[in-house]
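One letter stands for each residue in the lines below.
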Amino acid sequence: MNKSEKIFEKLAVTTWETILNAFVEQISYGEDAITSVNLLSLKNESLGNLALQDTRPKESKKGCDFEFWIGSDKKGWLRYAIQAKKITVSSNRYSSLAHKVNGVPQIDILESYSLANRAIPIYCFFNSSKKVLSI
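Residues numbered from 1 in each chain as written. Predicted model: local features only at pLDDT ≥ 70, side-chain atom pairs only at ≥ 80, totals over all residues. Heavy atoms only, no water.

Draft legend 1. Molecular detail of helix α4 (residues 106-116). Turning to α4, its buried residues number three or more, namely Q106, I109, L110, Y113 and S114. Down the axis of α4, the sector holding all buried residues measures 125°, keeping them to one side. Within α4, the exposed residues directed more than 90 degrees away from the buried face are L115 and A116. Note on α4: the residue one or two positions beyond its end, R118, has a positive phi of about 55°. (Buried < 20%, exposed > 50% of the residue type's maximum accessible area, 1.4 Å probe, protein only. Helix = DSSP H or I, 4+ residues; strand = E, 2+ residues; numbered from the N terminus. Arc of directions from axis to C-beta.)

Draft legend 2. Focus on helix α2 (residues 31-45). Here α2 contains 15 residues, and its C-alpha end-to-end distance of 21 Å stays within 8% of the 21 Å for a straight helix at 1.5 Å per residue. Among the residues making up α2, those that are buried are I34, T35, N38, L39 and L42. Mapping the buried residues of α2 onto a view down its axis gives an arc of 125°, with all of them on the same face. Away from its buried face by more than 90 degrees, α2 exposes L40 and N44. A positive backbone phi angle near 50° is found at S46, which sits one or two residues after α2. (Expected span 1.5 Å × (residues − 1).)

Draft legend 3. Representation of the environment of Q106. Locating Q106 in the fold gives a position in helix α4. Assessed through its relative accessible area of 4%, Q106 is described here as buried. Taking the C-alpha atoms as reference points, Q106 and N92, 14 residues apart in sequence, are found 21 Å from one another. The contact partners of Q106, leaving out residues within four places of it in the chain, are E59, G63, Q83, K85, H99 and K100. (Contact = heavy atoms within 4.5 Å.)

Draft legend 4. Region of interest: the environment of R93. Turning to its location among the elements, R93 is positioned in the loop between β3 (76-86) and β4 (100-101). Spatially, the C-alpha atom of R93 lies 9.8 Å from that of S129, the residues being 36 residues apart in sequence. Setting aside residues up to four positions removed in sequence, R93 forms contacts with K86, I87 and T88.

Draft legend 5. The arrangement of the sheet that holds strand β2 (residues 66-72) in detail. With mixed pairing, four strands are arranged side by side in an open sheet as β1-β2-β3-β6. Strands with a single pairing partner mark the edges of an open sheet, and in this sheet they are β1 (50-54) and β6 (120-126). Sheet twist, expressed as the average angle between the axes of neighbouring strands with direction ignored, equals 30°. Note: β2 against β3, seven bridges, orientation antiparallel. Directly across from E67, in β3, lies its bridge partner A81. Along the sheet face, α2 touches β1, β2, β3 and β6 and points at about 150° away from the line of β3. (Pairing = 2+ DSSP bridges. Axes fitted to C-alpha atoms, helices over the stretch in contact; angles between N-to-C directions.)

Draft legend 6. Highlighting the packing of aromatic side chains. Within the structure shown, the criterion is met by four aromatic pairs. Look at F8 and F68: their rings are 6.1 Å apart centre to centre, the planes differ by 70°, and that puts the pair in the edge-to-face class. Here the residue F8 occupies a position in helix α1 (residues 3-24), and F68 occupies one in strand β2, the gap between them amounting to 60 residues. Classification of F68 by relative accessible area gives buried; the value is 8%. Judged by centre distance (5.2 Å) and plane angle (45°), the ring pair of F66 and F68 falls under tilted. One aromatic cluster in this structure is built from F8, F66 and F68. (Phe/Tyr/Trp six-rings, centres within 6.5 Å; stacked < 30°, edge-to-face > 60°.)

Function cannot be read off these values alone, since they describe shape.
Dropping the structure here:
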């Protein structure tokens, strides 16, 4: 596993554990906070093969929470427009998947923006499950 893979794996485990712990302790830990923590962690790692941009201030127009460019000058870069969604632990569902912005499904905004900007539209699911506990 290379450095980038290790960092993403660590962030995934930390996110999973923190979402579950926040649920158990009845502390609000929303998608926005998780995105901020993860983006800051990635920025602090200074990964040469990853560039990122926080697009939440323009999310209603772009349909994405953040963008990644993964690659290198030598091999080329892939652009990803990423919409984050956090699981609702109590129901084990993503309550905002059908989110609309001014009556337009967010997924349609994401797809349009991605097409216009040569980005790959994807979702980043922030997961956890109370099923792993004896609650």
